[in-house]
Amino acid sequence: MVKRFLYSQKVAPYVFVLPFILVFLLFWVYPLGSSVSMGFQKITIGQEAQWVGLDNYTKMLGDEIFLKAIKNSFVYMVLTIVILIPFPMLFAVLINSKMMWAREFFKSAFFLPALTSVVVAGTIFRLMFGEMETSLTNSFLGLFGLEPVKFLKGQTTGFIALLTLATWRWTGVNMLYFLSGLKNIPEEYYEAASIDGASAAQKFFRITIPMLKPTTIYVVTISIYAGLAMFVESLMLWNGNNSPKNIGLTIVGYLYRQGIEKNEMGYAAAVGIVLLLIAMIINLTQLTLTGMFRKGE
Amino acid sequence: MSRQLPKRLGLLLLFTVICLAVLVPFYAITLGSFKPGKELVRGGLNLSLDPSVMSFDNFTFLFTGEHAYFTWFFNSLLLTLVQVAVTLLVSAFVAYGFAAYEFRGKNFLFICVLLIMMVPFEILLLPLYKLMYDIHLMNSYGAIILPGLASAATVFFFRQYLRGIPEEIITAGRVDGASEYGIYFRLILPVMKPAFAAMAILNGMNSWNNLLWPFMVLSDANKYTLPIGLKTLLTPYGNNYDLLIVGSFFSILPIFALFIAFQKYFIDGMTAGSVKG
């Protein structure tokens, strides 16, 4: 009887999606709910949690280190988008051109950095951006007669190191996204444009960029998410969560510092909720502005 | 053709230059793995090829010295294999439910899948940490595997893939008297192999390289994975570069080997989310 029930065509789909429902409830809905409620509490080890209303949130407004973390994450997100959209797109178009030699080789080579873990990549870049004059970046600067720079001690130079790491790891992957987008553009569009006497630049701006819009939106969406949630890169580059003057502190880094290092679980949960709201607002605005919702699915 | 030659050479030159820049960090760590840790602390990673400081000492230490590197290595290998196998089986099962049936609540549930992909996992770190503590899963691989069991990205990819499989397979199965699950296990699973390969790579890479969550959950040094182990070599009191650099170098090798063997699946897996068609 039970078997007949479970095997019926009406019930089977629910059996199939059941594991998802369980994981979703237990490991997403429940923690998210407890995050929301923890955000309204002061939690001290060994004591009953206290309800403190909006205290954690009002505290944030005056917390300069938190505001610094928000600024860092936001700047990082914007700059990764500014770098990791146009260049990979251009590289994809160039590598896709009929004039390109050794296309497959370059595709694979550009992809290699994405295979490394942040731990390994962060370690390599930390030592390449070392402050001694023999480190790779400083010996490169030396070629132009420039003085060695203490990259990881300054705000701008620290960000240069962070962004170089991100660019190195993700250019190849984003290029592949754009390459798969290019495959969807019908060749006839370009042929028709050639007949009308369009230049290569005109074709790029009038056909390629508009036709790549879905891919671009996708890459922007994941970059917003990844940029705002960045933490381990900073952790590895500065060998810990305490960069000088918090130049490398991110929102997730601050959440980790408060929740795990300082045991302020309530405050950390509130930081998490703010991050969630920021990510949602930016992404929904972006998707609305680019018209993703109008098309339906 | 000859008019195009300068352009072709220009393109080749441009890409060769970028390619060299991409490869420089790999070259630097390869050289670094032959240099003593002292030298790296003093000079950083660079491209200097100075045979007087270079030796195989680090490699000798890696393979014969007293350290836990290979414990971490095999822990990572075990965790990756188990996590990939379980996650793929569960996610494919779920994806089939979404792809093959119309049922009440389907759209709502699928929106939940998309929602998960849009929520940064990082904000769940603390409540999940508390939850794992409460259900006594701390310091176990279960705590790492369970939350990702029905991985949203993987479910999404499998569902897209399944939509391309002809309906007739299912109808024919029903006519032949196969049960709903029989159809899935005997007729559908075998045709999903390419999708499994791509997702095995994506999940395998994530699992092999994952640091933050395992680092929070695992406290027993015998259970450390490779990224955690490598990270413990860096401490505020001094860094064990002798093992760190050669260990990092060695940890990239198996992935490069797999990449060379299964390039197509790597590229499919890593770009799985992109918009197709």
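Residues numbered from 1 in each chain as written. Chains lettered and ligands numbered in written order. Predicted model: local features only at pLDDT ≥ 70, side-chain atom pairs only at ≥ 80, totals over all residues.

Explain the overall build of chain A here, please?
The helix and strand tally for chain A stands at 15 helices and two strands. Against the globule reference of 19 Å for 297 residues, chain A gives a C-alpha radius of gyration of 24 Å, more extended than a compact globule. The principal-axis extents of the C-alpha atoms in chain A amount to approximately 75 × 75 × 35 Å. Residue burial in chain A is summarised as follows: out of 297 residues, 40% are buried. (Helix = DSSP H or I, 4+ residues; strand = E, 2+ residues; numbered from the N terminus. Rg over C-alpha atoms; globule rule 2.2 N^0.38 Å. Buried ≥ 20, exposed ≤ 12 C-beta atoms within 10 Å, placed from the backbone.)

Got a minute to help me understand the confidence of the model for chain B in this structure?
In regions of low pLDDT, the predicted coordinates are not meant to be interpreted in detail. Mean pLDDT over chain B works out to 89, with 97% of the residues at or above the 70 mark. Scored by ipTM, the complex comes to 0.90, with pTM at 0.92. (pLDDT = per-residue confidence, 0-100.)

Any chance you could explain the domain arrangement of chain A here in plain terms?
Accessible area lost on assembly of the parts is the figure often given for the size of an interface. Looking at the assigned domains, one finds that chain A contains domain 1 (1-38) and domain 2 (53-289). Relative placement of domain 1 of chain A and domain 2 of chain A: their C-alpha centres are 35 Å apart. (Domains from an automatic or database assignment.)

Just checking my understanding: could you explain the packing of helix α4 (residues 69-100) of chain B against helix α11 (residues 193-209) of chain B for this structure?
A pair of packed helices is characterised by two quantities: the angle between their axes and the separation of those axes. Residues and elements named next belong to chain B. Where α4 contacts α11, the axes come no closer than 9 Å and their chain directions differ by 140°. Between α4 and α11, the interaxial angle falls into the category oblique. Pair α4 / α11 crosses with right-handed handedness. Contact residues: Ser76, Leu79, Thr80, Gln83, Val84, Thr87 and Leu88 in α4; Phe196, Met199, Ala200, Asn203, Gly204, Ser207 and Trp208 in α11. (Axes fitted to C-alpha atoms, helices over the stretch in contact; angles between N-to-C directions. Parallel < 35°, antiparallel > 145°, perpendicular 65-115°, else oblique. Left-handed = near helix turned anticlockwise from the far one by under 90°. Contact = placed C-beta atoms within 7 Å.)

Would you mind showing me how to read the UniProt feature "transmembrane region" (unreviewed entry) in chain B here?
Residues and elements named next belong to chain B. Mapped onto this numbering, the UniProt entry annotates "transmembrane region" (unreviewed entry) at residues 72-96, 108-129, 141-162, 183-202 and 243-262. Within residues 108-129, the helical portion is 73% and the strand portion 0%, while the C-alpha atoms at the span's ends are 28 Å from each other. Between the first and last C-alpha atoms of residues 183-202 the distance is 27 Å; the span itself is 95% helix and 0% strand. (UniProt positions renumbered as here; feature names shortened; annotations may be inferred.)

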